[in-house]
Amino acid sequence: MVKFLSNPAINCNAMTTKDERLSFLEEMKDVRRIRKPNRAEVSTPRELTPGHLERQRAAVESPIRDKNPLTSDIVEPLTAHDVLSWQRPGIQHGVFRKLRLGQYPIEARLDLHRMTVEQARREVFSFVGDCVRYGLRSVIILHGKGERNPDGIAQLKSYLAKWLPELADVMAFHSAQRHHGGTGAVYVMVRKSERDKLHNREVHGSP
């Protein structure tokens, strides 16, 4: 069967005689219009280059690294009334006492209510990093008490108690005073940034 391109621009009325038109129609009776398929024709390369194979191998062997060190494993469960309290060696007693009593001005806050564990994990890591970056030393994290949970477990609080010591930038933390949320929130002391340390040395003339 002969196939012509679709929509042939031919006008039968242009034929000069009836016999010519009949002859033309007789010749064209087996012609069918080519219909374009309703799909894309994607051709794959016949041969993969060494560079393509190397990139493919690297993608398989080198999964994306998670720079967030906070654990997502099972942690020790805590209840609504458990008090969080922790400090790194070297933190002065008077400094920790002021933190515990909420006597430092709160410079930033993070609210974890209604977050999943994974969302909270990302937010806590990012929040502490931002505090160091912007020179914020005394902050508060609201994690909730979990009193409405059927098992009585404060899930985010339990994870936070594990996460904060895992962050090198966290120097100490303690459950908040009642007017700041009590055992549903925690004061966090963040280390000084290198910029602030340099500024203090310049002000006090220490080497």
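Residues numbered from 1 in each chain as written. Predicted model: local features only at pLDDT ≥ 70, side-chain atom pairs only at ≥ 80, totals over all residues. Heavy atoms only, no water.

Student: Where do I start with the pairing of strand β6 (residues 170-175) in this structure?
Tutor: Put simply, side chains in a regular strand alternate between the two faces of the sheet. With six of its six residues buried, β6 lies for the most part within the structure. Of the strand pairs in this sheet, strand β3 (residues 85-87) and β6 are connected by three bridges, and their pairing is antiparallel. Across the sheet, residue Gln87 finds its bridge partner in β6, namely Ala172. In this structure, β6 lies alongside strand β7 (residues 185-190), joined through five bridges in antiparallel fashion. By the bridge assignment for β7, Val170 is matched with Val190. (Buried < 20%, exposed > 50% of the residue type's maximum accessible area, 1.4 Å probe, protein only. Helix = DSSP H or I, 4+ residues; strand = E, 2+ residues; numbered from the N terminus. Pairing = 2+ DSSP bridges.)

Student: Would you mind showing me how to read the packing of aromatic side chains here?
Tutor: In this description, an aromatic ring pair is defined by two values, namely the gap between the centres and the angle between the planes. Per the counting criterion, the structure on display carries two aromatic pairs. Between Trp86 and Phe173, the aromatic rings sit 5.5 Å apart at their centres with planes inclined by 20 degrees, giving stacked as the arrangement. Remark: Phe173 occurs in strand β6 and Trp86 occurs in strand β3; sequence separation between them is 87 residues. On the basis of relative accessibility, which here comes to 24%, the residue Trp86 falls in the partly exposed class. According to the relative accessible area criterion, Phe173 is buried, its value standing at 3%. Ring centres of Tyr159 and Trp163 lie 5.5 Å apart, and the angle between their planes is 40 degrees; this geometry places the pair in the tilted category. Taken together, the residues Tyr159 and Trp163, both in helix α5 (residues 155-166) and four residues apart, mark about one turn of the helix. With respect to burial, Tyr159 and Trp163 carry one shared label: buried. (Phe/Tyr/Trp six-rings, centres within 6.5 Å; stacked < 30°, edge-to-face > 60°.)

Student: Would you mind showing me how to read the side chain of Asp169 here?
Tutor: Mapped onto the fold, Asp169 is located in the loop between α5 and β6. Only 2.3 Å separates the side chain of Asp169 from the side chain of Arg191, close enough to count as a polar contact. (Polar contact = N/O pair within 3.5 Å; in protein donor to acceptor, adjacent residues only side chain to side chain.)

Student: Looking at this model, I keep getting lost on the nonpolar core. Mind explaining?
Tutor: One recurring pattern in soluble globular proteins: nonpolar side chains tend to sit buried together. One finds Val124, Ile141, Trp163, Leu164, Val186 and Val188 to be the most contacted residues of the largest nonpolar core, which totals 27 residues. For this core, the secondary-structure elements that each account for two or more residues are α4 (117-133), β5 (138-142), α5, β6 and β7. Considering every element that reaches this core, the biggest residue donor is α4, with seven residues. Apart from the residues within four sequence positions on either side, Trp163 is in contact with Leu70, Thr71, Val117, Ala120, Arg121 and Val124. Listed in part, the eleven residues of the second largest apolar core include Ile91, Leu99, Met171 and Met189. (Core = buried A, V, L, I, M, F, W, Y, C linked by side-chain atoms within 4.5 Å. Contact = heavy atoms within 4.5 Å.)

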